[in-house]
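Chains, contacts and geometry: an overview
Below, each chain spelled out in residue letters.
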Amino acid sequence: MGRYLLLWELDRTRAPVDPKERGAGFNMLIEMVKQDIKKGITKDWGVFVGQHEGYSVVEGTEVEIMNQIQQYTPFVYFKVHPIGSVAQVDEMIKVMTK
């Protein structure tokens, strides 16, 4: 199972102009995020203050992460970065220094 940093950005062209409608849409997205946190897939999530983008740290197999991302399509775009842990970097260093 891998750990990934997801950088996400809302597709603002799909956001309603009316603030109440936009708030309802954002609420639906946040509820989905809360469900991912409850399931244990999402470990951390945040928005960059004043922006329509943010980050998420997730854990799972490649297929699990691909499926999780698809539920937000087409309203959110993602850049996915695999994360190496301290233990993994330590293993790499051990191999390098043998």
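Below, the structure is looked at part by part. (Residues numbered from 1 in each chain as written. Predicted model: local features only at pLDDT ≥ 70, side-chain atom pairs only at ≥ 80, totals over all residues. Heavy atoms only, no water.)

1. Notes on unusual backbone geometry
With an omega of 10 degrees, the peptide bond running from T73 to P74 counts as cis. Relative to the helices and strands, P74 is located in the loop between α2 (62-70) and β4 (76-83). (Helix = DSSP H or I, 4+ residues; strand = E, 2+ residues; numbered from the N terminus.)

2. Some remarks on the layout of surface pockets
In this structure, the largest pocket encloses a volume near 280 Å³. Lining the largest pocket are 19 residues, and of these W8, L10, L29, V33 and W45 lie nearest its centre. Broken down by secondary-structure element, the contributors of at least two residues to the lining of the largest pocket are β1 (2-10), α1 (19-39), β2 (42-47), α2 and β4. The greatest single-element share of the lining of the largest pocket, amounting to five residues, is contributed by α1. Partitioned by chemical class, the residues of the lining of the largest pocket number 13 nonpolar, five polar and one charged. In this structure, the second largest pocket spans a volume of roughly 240 Å³. Residue lining of the second largest pocket: 15 residues in total, with R14, G25, F26, L29 and F75 positioned closest to the centre. The element contributing the most residues to the lining of the second largest pocket is α1, with six residues. (1 Å grid on protein atoms, 1.4 Å probe; cavity = no way out; pocket = protein on both sides within 12 Å on 5 of 7 lines; lining within 4 Å. Points joined across faces, edges and corners; volume = space filled by probe spheres on them. Nonpolar A, V, L, I, M, F, W, Y, C, P; charged D, E, K, R; others polar.)

3. Observations concerning the pattern of salt bridges
Counted according to the given criterion, the structure contains six salt bridges. Ionic pairing is found between D11 and R14, a salt bridge with its closest N-O pair at 3.4 Å. Accessibility expressed as a relative area gives 11% for D11, which makes it buried. A relative accessible area of 45% means that R14 is categorised as partly exposed. Look at the salt bridges and you will find they share partners, linking R3, K43 and E59 into a network. (Salt bridge = Lys/Arg side-chain N within 4 Å of Asp/Glu carboxyl O. Buried < 20%, exposed > 50% of the residue type's maximum accessible area, 1.4 Å probe, protein only.)

4. A few points about the packing of aromatic side chains
Using the criterion set out here, one finds three aromatic pairs in the structure. Relative to W45, the ring of W8 lies with its centre 5.4 Å away and its plane at 10 degrees, an arrangement referred to as stacked. Of this pair, W8 sits in strand β1 while W45 sits in strand β2, and the two are 37 residues apart along the sequence. (Phe/Tyr/Trp six-rings, centres within 6.5 Å; stacked < 30°, edge-to-face > 60°.)

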